Amino acid sequence: MPIPMRFDHPEIMETRVAVVGGGVSGIYSAWRLKLDGKGGDFNDVKVFEFGNRVGGRLETLHLDNLSERRAEVGGMRFIPDWQLHISSLIQHLRSREHPLDVIDFPMGDDRNLYYLRARRFEKEDFNVVATRYDLKSSEIGVSPDDYFVSILNALLADCGKQIKKETKDGAVTYIGLTRQEWDEVKQDPRFRFGHKPVVEQGFWNILAEMLSPEAYQLVTDAGGYHTLTANWNAAEAASFIGLDFIGAQYKTLKQGYDAHVAAMAQEFTKQGGEIWGHSELIRFERVRQGHAEFARYAGKLKLTFQDRGRSEDTRTFIVYADKLILAMPRHGLERLELFGTDFDFEHPENRRQRKLLNSVMTMPAFKLFMGFERAWWADKHLSSGRSISDLPLRQTYYFGSDPSDGHALLMTSYNDAGTVSFWKGLKEPTQSARYISRNTVAMEDKTPDTHEATPAMLAHAKVQLAALHGLEPHEVPEPIASAYKDWSDEPFGAGWYLWKPGVRTWKVMKEIRNPWPDVHVCGDCYSSLQGWVEGALNTAERMLEEHFGMERPKWLDPRAYLGF
């Protein structure tokens, strides 16, 4: 589903609304303004994207030799039970005849593996894992989910809330708090740990008082993500874990998870909207009153872009706009050269805006995919979901085989935080990129955008896969396809972002949507669902309703809660 992006930038452009960033929140904002603005004041909108594709941190790859398996190197799934915004959006786009087929994203069964401290266990034997850790007697025989449930319930006790665990016919169900209930709890003065509000504390700091060092390490290792137990805002961490990682049921799209962004982009451009690729925003400033040469632009925002499509020289172009939507995360905002403008984050008068910008911290993330002639892991009775190790692989996900030829896809490694540096060190600076994205790239543009794994990556991955699955390295077949994505690379700077301890998110989220007059920020970075499409959509919709006078769309489930 290639996107009709444009690259023939004129020297000067004008628009009522300039959207910078072609990720989920940017495309959603432009799509809503164009299609639902009903010809109003902000119907004239243009999108400016750094690269040659839309989707941002959603990117579905079609690897060679894998006809039907899709490699999701970015976001890959959603939770329909409570992520009602993305669920409603997909249903709405489907009703407009876009091919968006919702399918299960299975998480495996009790035969999936743990490989911790050089020992291999099936998930059903998790209690045996405890023998590899020097736990207190009260910590033995507790599953990762039960660890988190007991931690969250201890924090919630004084608020009169709890996560309940029910077992019926051998199946365990967790009944937790809704998003709105979590947001209410965050502001509740009774939500405390020790003598301080939970929101003022780091999650690791709290865990260090609730768990032994060995239990903390076990929870971190077995959870699959370093993010979960990192030292971020404990109130946000509790909400995040309670909503997602305890008993969640996931879905995805058969055509690739970025296909819904492609559908919005297609509709936007068919209605006359323009998406300009290879457009790097350098700076923005307010045109002063009284400047004779630019009298027609007085009071407007002047945006200076670099045309990244020109390798032989550096060419800039100018866009004048009434309103600016910065649909980008902290790293993108920090790249801007705003010195000497009214919007310089370092200027003393912008201390408040600088504080808003700094309210989140980065979390690197990396994915490595390998395709094989057959699903050799099926010999170990593994069919879907993930196995978890404390090796640099961290999480390994199994995907199905192509029915035509049996070729199979493995997400060999999904890792974050410190383990990203392991794979970063195995890159080759001179390695060429290949063009293997399809859904969201520009029509007729063949600019390379994704790297195949290096020989060093593949060699290390095979050794670790062998350890995880109880094989010798030579028993792991040579892959027939591969790809990796390091989201800490430019221009993204991170896989996702985390709120810092002490940040009152219910205040920051509202303020950063409009840090200066006519300037707006949206995206999952400054949402209560960081790393999720739902968070990106929520912040964009909130911004459109509050600052562009738009009505909530009729297709959005009335039960949908958009957060602060």
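Each remark here, short or long, concerns the structure printed above.
Analysis parameters
Residues numbered from 1 in each chain as written. Predicted model: local features only at pLDDT ≥ 70, side-chain atom pairs only at ≥ 80, totals over all residues. Heavy atoms only, no water. Helix = DSSP H or I, 4+ residues; strand = E, 2+ residues; numbered from the N terminus. Expected span 1.5 Å × (residues − 1). Buried < 20%, exposed > 50% of the residue type's maximum accessible area, 1.4 Å probe, protein only. Contact = heavy atoms within 4.5 Å. Phe/Tyr/Trp six-rings, centres within 6.5 Å; stacked < 30°, edge-to-face > 60°. Lys NZ or Arg CZ within 6 Å of the ring centre and 35° of its normal.

Peer 1: Which residues make up helix α9 (residues 259-270), and what are the values?
Peer 2: For α9, spanning 12 residues, the distance from its first C-alpha to its last is 16 Å, which sits close to the expected 16 Å at 1.5 Å a residue. Of all 12 residues that make up α9, 11 are buried, and the element is covered over most of its length. By the burial criterion, the buried members of α9 are A259, H260, V261, A262, A263, M264, A265, Q266, E267, F268 and T269. Contacts made by the buried residues of α9 are with α1 (24-36), β2 (45-48), α2 (84-95), β12 (251-253), β13 (274-276) and α15 (533-547). Once α9 ends, the next one or two residues include G272, with phi positive near 100 degrees.

Peer 1: Give a detailed account of the packing of aromatic side chains, specifying residues and quantitative values.
Peer 2: The full count for this structure, using the stated rule, is 32 aromatic pairs. Here the aromatic rings of W31 and W555 are separated by 6.0 Å at their centres, their planes lie at 50 degrees, and the arrangement is tilted. Taken together, the residues W31 in helix α1 and W555 in the segment after α15 connect sequence positions 524 residues apart. You'll find W31 and W555 in the same group, each marked buried. Measuring from centroid to centroid gives 3.7 Å for Y297 and Y320, while their planes differ by 5 degrees, and the two rings are stacked. Of this pair, Y297 sits in the loop between β14 (279-286) and β15 (301-307) while Y320 is found in strand β16 (residues 316-326), placing the two residues 23 residues apart along the sequence. Accessibility expressed as a relative area gives 8% for Y297, which makes it buried. According to the relative accessible area criterion, Y320 is buried, its value standing at 3%. The positively charged end of R77 is found above the aromatic ring belonging to Y250, 4.2 Å away from the centroid. Between the NZ or CZ atom of K323 and the centre of the ring of F548, over which it lies, the distance is 5.0 Å.

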